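Chains, contacts and geometry: an overview
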Amino acid sequence: MKLLCISLGCDKNLVDAERMLGSLSQDGYTFTDDEQEADVILVNTCCFINDAKEESVNTILEMAEYKKSGTCKALLVSGCMAQRYKEEILQEVPEVDGILGTTSYDEVSKVLAEALKGERVSDFHDLSELPETKMRSKRLVTTGGHYAFLKISEGCNKRCTYCIIPSLRGPYRSVPMEQLLAEAKELADQGVKELILVAQETTVYGTDIYGKKSLHVLLKELCKIKGIRWIRVLYCYPEEIYDELIQTIKEEPKICHYLDLPIQHANDEILKRMGRRTTKQELIDIISKLRREIPDIALRTTLITGFPRETKEQHEELMEFVDEMEFDRLGVFTYSPEEDTAAARMEGQIEEEVKEERQAELMELQQEIAFDTAENMVGKEVLVMIEGKVADENAYVGRTYRDAPNVDGLIFVNTEEELMSGDFAKVKVSGAVDYDLIGGLI
C-alpha cells in the first residue's frame, strides 16, 4: 500500500513524522507524494500559532476529499493539533479514521492497522512519556539525506505566557545520551553529514536526568562520530547559555559557529509579561560575550511584535535594540492569542493591522542589516555544503556555516565541475543578492 505523509510546522514535528515513516516502512508500506495514488494519508499537524492552525485544518479538509473520492482507504491525523483538538476533529471531520497524540506516534502502525479494518481509533498517552525511547525502527530521513535533525528532548518547563507547548508536549524530558549517540551514528551511516540539534529548548539538556546542564558533553561525544562534518545548535534560550557550552562551540571544529537565540523582545516590561527570564541588559551581555569569545559567530533570533499592551515607545525600543545588535539572521512573528494561555486573557490586545505594521518595520530594518552583512562577505573564502544543482546552469546551491536549512540564506556556486548534494566545497564569495551570496569554486 502507498502512503502519503504531510508534516506541517517545526523541525521537531518533522522528526516525529520521520519516526512514524520508519515504523511504517518496516510494515511494508511504500511512499508517494501524489494524493491521487495514496492508499493511506497521514497529516502530522501543528497549531503553535493561528496561521499554523489554519494550515493544519485546511490540509486535513483537503485530504478528506480523497477519502470521499474512494482513492484513500484511511486518513490519520497526528501531532499538536490532534493533541489539542481531538474531540473537535473526530466530530467535525468524519473522514478521519485515526488520531494520534504527541506522545503516541510510536503506535502509528497499530492505529493504522485498526483503521484499515474499518475501525475509528484514537491513541493518546501520558504527556510525560518519551515515545522515541521505545521505538526500535530507524527514522526515514526526508531532508535529502545529507543533513538531519536530532531531537534531543521533548516538552518544556518554561511556560511563557503566550505559549501552549507545555500543554501539548508535556514537561521537559531529555532523551538519554546513549540513545542520541546511537541515533546519530545510524544517521551518519546513512550518509548524513550535518546534525542539527533541536528541542523546545536545547540549552537545559540533561538537567532532568543527569542533574546538570549536559549539552556540552553531548556535543563533544557527537563530534567523535565519523562522517559527521557539521553540528548546528538551535533553540538556545539566552539565559541558559553557560561557559562550558561556549567553550565547546569555540574549541570543537565540527560545531558550527552559529546559535539560534529566541529572545522575543527587548523591553523589560514586555519580557516580564511574556514570562521570559531575561532583561534587556542580560540579553546585551550574553550577545556581547558570545561575540567576544567567538568573533565569527552567526546569531539568529526570533521576535514577537504586537504583544498585549505593547506601546509605540516599546516597539521603538525593540527597533533600536535590533539596530544596535545587528543580528545575522532574524524572524518576526505577529503576536497570536492562543486559547488557554495567560497572554490571551490579558487586557490591551493590539489590532492586527498595528501588529503587521510593526512586523513590517522590523523586517525592513533587518533587511538593511542582512544585506550589509551579505555584502561584507564578498571576497571571503567559505566552506559550503552543496544542496543541489541549479537547473540548466553550471551552478549549484548550497549553505555556509552561517545558514540553517529552510530559514536562512543560500550561496550560489558557479563551477563546471560536477558536485553532489552533501559535498563540501571551498568557495570564494564574489557577490551578494539580497539575503543570498554568489561565489566561485576555489
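Throughout what follows, the structure given in this document is the object of discussion. (Residues numbered from 1 in each chain as written. Predicted model: local features only at pLDDT ≥ 70, side-chain atom pairs only at ≥ 80, totals over all residues. Heavy atoms only, no water.)

Focus on the overall build of the protein chain
Helix and strand counts for the protein chain stand at 13 helices and 19 strands. The globule rule puts the C-alpha radius of gyration for 442 residues at 22 Å, and the 22 Å found for the protein chain is close to it. Each of the three principal axes of the protein chain carries a C-alpha extent, and together these read 60 × 60 × 45 Å. Taking all contacts inside the protein chain whose residues are at least 6 apart in sequence as the whole, residues at least 24 apart take part in 73%. Only carbon and sulfur atoms are counted for the fraction: they give 47% of the accessible area of the protein chain, which is about 18,900 Å². Averaged over its 53 positive side-chain charges, the protein chain has a centre that lies 6 Å from the centre of its 84 negative ones. (Helix = DSSP H or I, 4+ residues; strand = E, 2+ residues; numbered from the N terminus. Rg over C-alpha atoms; globule rule 2.2 N^0.38 Å. Contact = heavy atoms within 4.5 Å. Areas by Shrake-Rupley, 256 points an atom, 1.4 Å probe, with all protein chains shown as cover. Lys, Arg positive; Asp, Glu negative; His and termini not counted. Charge placed at Lys NZ, Arg CZ, Asp CG, Glu CD.)

Re the sheet that holds strand E13 (residues 298-305)
Within the open sheet, the six strands sit side by side as E7-E10-E11-E12-E13-E14. Their pairing is parallel. The sheet terminates laterally at strand E7 (147-151) and strand E14 (329-334), the two strands that pair on one side only. Averaged over all pairs of adjacent strands, the angle between their axes in this sheet comes to 20 degrees, without regard to strand direction. Strand direction decides the pairing type here: strand E11 (residues 230-233) and strand E12 (residues 255-260), joined by two bridges, are parallel. (Pairing = 2+ DSSP bridges. Axes fitted to C-alpha atoms, helices over the stretch in contact; angles between N-to-C directions.)

Some details on helix H7 (residues 177-189)
Compared with the 18 Å implied by 1.5 Å per residue over 13 residues, the 18 Å span of H7 between its first and last C-alpha is a close match. Those residues of H7 that are buried lie in contact with helix H1 (11-26), E7, strand E10 (194-198) and helix H8 (215-222). Positioned one or two residues after H7, Gly191 has a phi angle of 105 degrees, which is positive. (Expected span 1.5 Å × (residues − 1).)

Considering helix H11 (residues 280-293)
With 14 residues, H11 should cover 20 Å at 1.5 Å per step; its first-to-last C-alpha distance of 20 Å lies within 8% of that length. Burial in H11 covers these residues: Leu283, Ile284, Ile286, Ile287 and Leu290. Taken together, the buried residues of H11 touch helix H9 (243-251), E12, helix H10 (268-274), E13 and helix H12 (312-325). (Buried < 20%, exposed > 50% of the residue type's maximum accessible area, 1.4 Å probe, protein only.)

A few points about empty space enclosed by the protein
Considering all chains together, one arrives at one cavity of 30 Å³ or more under this definition. When its volume is computed, the largest cavity comes out at roughly 100 Å³. Forming the walls of the largest cavity are Arg329, Ala370, Thr373, Ala374, Met377, Thr400, Arg402, Asp403, Leu410, Asp434, Tyr435 and Leu437. (1 Å grid on protein atoms, 1.4 Å probe; cavity = no way out; pocket = protein on both sides within 12 Å on 5 of 7 lines; lining within 4 Å. Points joined across faces, edges and corners; volume = space filled by probe spheres on them.)

So, the environment of Cys80
Along the chain, the position of Cys80 falls in helix H3 (residues 80-84). For Cys80, a relative accessible area of 8% corresponds to the buried category. With 34 residues separating them along the chain, Cys80 and Cys46 place their C-alpha atoms 5.1 Å apart. Aside from chain neighbours lying at most four places away, what touches Cys80 is Thr45, Cys46, Cys47, Thr102, Leu168 and Arg169.

Comments concerning the pairing of strand E4 (residues 74-79)
Counted residue by residue, E4 has six buried out of six residues, so it is predominantly covered. Side-chain alternation along E4 places Ala74, Leu76 and Ser78 on one buried face and Leu75, Val77 and Gly79 on a second face that is also buried. Across six bridges, strand E3 (residues 40-45) lies against E4 in parallel orientation. The residue bridging Asn44 from the neighbouring strand is Ser78, located in E4. Note that E4 and strand E5 (residues 98-100) share two bridges and pair parallel. The residue of E5 that forms the bridge with Val77 is Ile99.

Let's talk about the packing of H12 against helix H13 (residues 352-376)
Where H12 contacts H13, the two axes come as close as 10 Å, and the packing angle between them is 15 degrees. As the angle between them shows, H12 and H13 are arranged roughly parallel. Between H12 and H13 lies a crossing whose hand is right-handed. Taking contact as the criterion, the partners of Lys312, His315, Leu318, Met319, Val322 and Asp323 in H12 are, on H13, Arg358, Glu361, Leu362, Leu365, Gln366 and Ile369. Grouping the constituent residues of the contact of H12 with H13 by class yields six nonpolar, two polar and four charged. (Parallel < 35°, antiparallel > 145°, perpendicular 65-115°, else oblique. Left-handed = near helix turned anticlockwise from the far one by under 90°. Nonpolar A, V, L, I, M, F, W, Y, C, P; charged D, E, K, R; others polar.)

Points about the side chain of Thr102
Position of Thr102 relative to the elements: it lies in the loop between E5 and helix H5 (108-116). From its side chain, Thr102 meets the backbone oxygen of Leu168 in a polar contact 2.6 Å long. Setting aside residues no more than four positions away along its own chain, Thr102 makes contact with Gly79, Cys80, Gln83, Leu127, Pro131, Leu168 and Arg169. (Polar contact = N/O pair within 3.5 Å; in protein donor to acceptor, adjacent residues only side chain to side chain.)

Considering the sheet that holds strand E1 (residues 2-7)
The strand order across the open sheet formed by six strands is E2-E1-E3-E4-E5-E6, and the pairing between neighbours is parallel. The open sheet has two edge strands with one neighbour each: strand E2 (30-31) and strand E6 (121-123). Bridging between E5 and E6 involves three bridges; their strand directions are parallel. Looking across to E6, one finds that Gly98 is bridged to Val121. Lying over the sheet, H1 contacts E1, E2, E3, E4 and E5, oriented at roughly 170 degrees with respect to E1.

Describing the pattern of salt bridges
It is possible for side chains of opposite charge to pair when their charged atoms get near one another. A complete count under the given rule lists 37 salt bridges for this structure. Note that Lys110 and Glu107 form a salt bridge whose closest N and O atoms lie 3.8 Å from each other. Among the ionic pairs, Arg358 bridges to Glu310, the shortest N-O distance being 2.9 Å. In this pair, Arg358 is assigned in helix H13 and Glu310 in the loop between E13 and H12, connecting sequence segments 48 residues apart. In this pair, the class of Arg358 matches that of Glu310, namely buried. Overlapping salt bridges bring together Lys158, Glu201, Lys213, Glu239 and Glu240 as one network. (Salt bridge = Lys/Arg side-chain N within 4 Å of Asp/Glu carboxyl O.)

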